[in-house]
Amino acid sequence: MAQAQELKAIKLNEPNKKRGLPVMEALSVRASVRDWSPNEIGLQDLSDLLWAADGINRPDSKKRTASSAQNAQDVDIYVFLKDGVYLYDAAGQALVPVAAGDHRNEVVMPPAGGPGGPGGPPPAKPENAPRPQPEGPPGVKPGNPPTPAPVLLVLVSDVSRFRGGTLELKKEWGAIDTGIVSQNIALFCAATGLATRPRASMDRDKIRTLLKLKDTQFPMLNHPVGHSK
């Protein structure tokens, strides 16, 4: 695997806080999209997207656009691009290299074991049962991965940042906090003409290995972002 050292940090632009539709109009057009144009999004779009998702909006207190339980700021945003994976640094408004290479399809495609789980056999089928036909997005041949959105955001909650509570409660808080960041992403995209959808399906084991996550870090959701076809 290529090393993160081969990538360079990306300094993001200052967010443009005056762009986009009013909130009620953005809500009226918010929708989940499945098919992506291959067109890339610009640096300003990426900068604004990440700031809207969970950037610092009160510099004096370092508080964020997304609230979090105990102000734990437990949600990390990993940004999967064509050239590699980066971690969003809200304080520096920058992307920090994590892993080189295009992993966008790799982490969201179903594990090799099929419905039975990662690496395992699929559930038993009755004898002589009809063979299911491959499924996939329209225009995608079976066995070929779909064209990915230019940006894939993976939201990871680090429950060690909560000051108290049981592990079960921390996971619940982490899920709630992730949902708030997810909605920020969806509203920003709706307001600016970009497209996204929240997805829970992903290869969490592969993500853990690729990102070198700790036991306290849980991949919760992913958001492909780009232009709709």
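Residues numbered from 1 in each chain as written. Predicted model: local features only at pLDDT ≥ 70, side-chain atom pairs only at ≥ 80, totals over all residues. Heavy atoms only, no water.

Lay out the sheet that holds strand β5 (residues 84-89) in plain terms, naming residues and giving numbers.
Spatially, the 7 strands line up as an open sheet ordered β1-β6-β5-β4-β7-β9-β8, and their pairing is antiparallel. This sheet does not close on itself; its edge strands, each paired only once, are β1 (10-11) and β8 (195-196). Both β1 and strand β6 (residues 94-100) contribute to a ladder of 2 bridges, which runs antiparallel. Opposite K11, over in β6, you have A94 as the bridge partner. Sitting on the sheet, helix α3 (residues 167-192) is in contact with β4 (75-80), β7 (151-158), β8 and β9 (217-226), with an inclination near 10 degrees to β9. (Pairing = 2+ DSSP bridges. Helix = DSSP H or I, 4+ residues; strand = E, 2+ residues; numbered from the N terminus. Contact = heavy atoms within 4.5 Å. Axes fitted to C-alpha atoms, helices over the stretch in contact; angles between N-to-C directions.)

Quick rundown of the environment of K82? Include the residues and the values.
Secondary-structure assignment places K82 in the loop between β4 and β5. Classification of K82 as exposed rests on a relative accessible area of 52%. Placed 18 residues apart in sequence, K82 and A100 show a C-alpha to C-alpha distance of 9.1 Å. (Buried < 20%, exposed > 50% of the residue type's maximum accessible area, 1.4 Å probe, protein only.)

I'd like a description of the pairing of β5, backed by residues and values.
Here 3 bridges tie β4 to β5, and the two strands are oriented antiparallel to one another. Across the sheet, Y78 pairs through a bridge with L87, a residue of β5. Counting the residues that bridge the hairpin from β4 to β5 gives 3 residues. Pairing of β5 with β6 involves 6 bridges; the strand directions are antiparallel. Counterpart to G84 in the pairing with β6 is A100. Once β5 ends, the chain turns through 4 residues before running back antiparallel as β6, passing Q93 with a positive phi of about 45 degrees.

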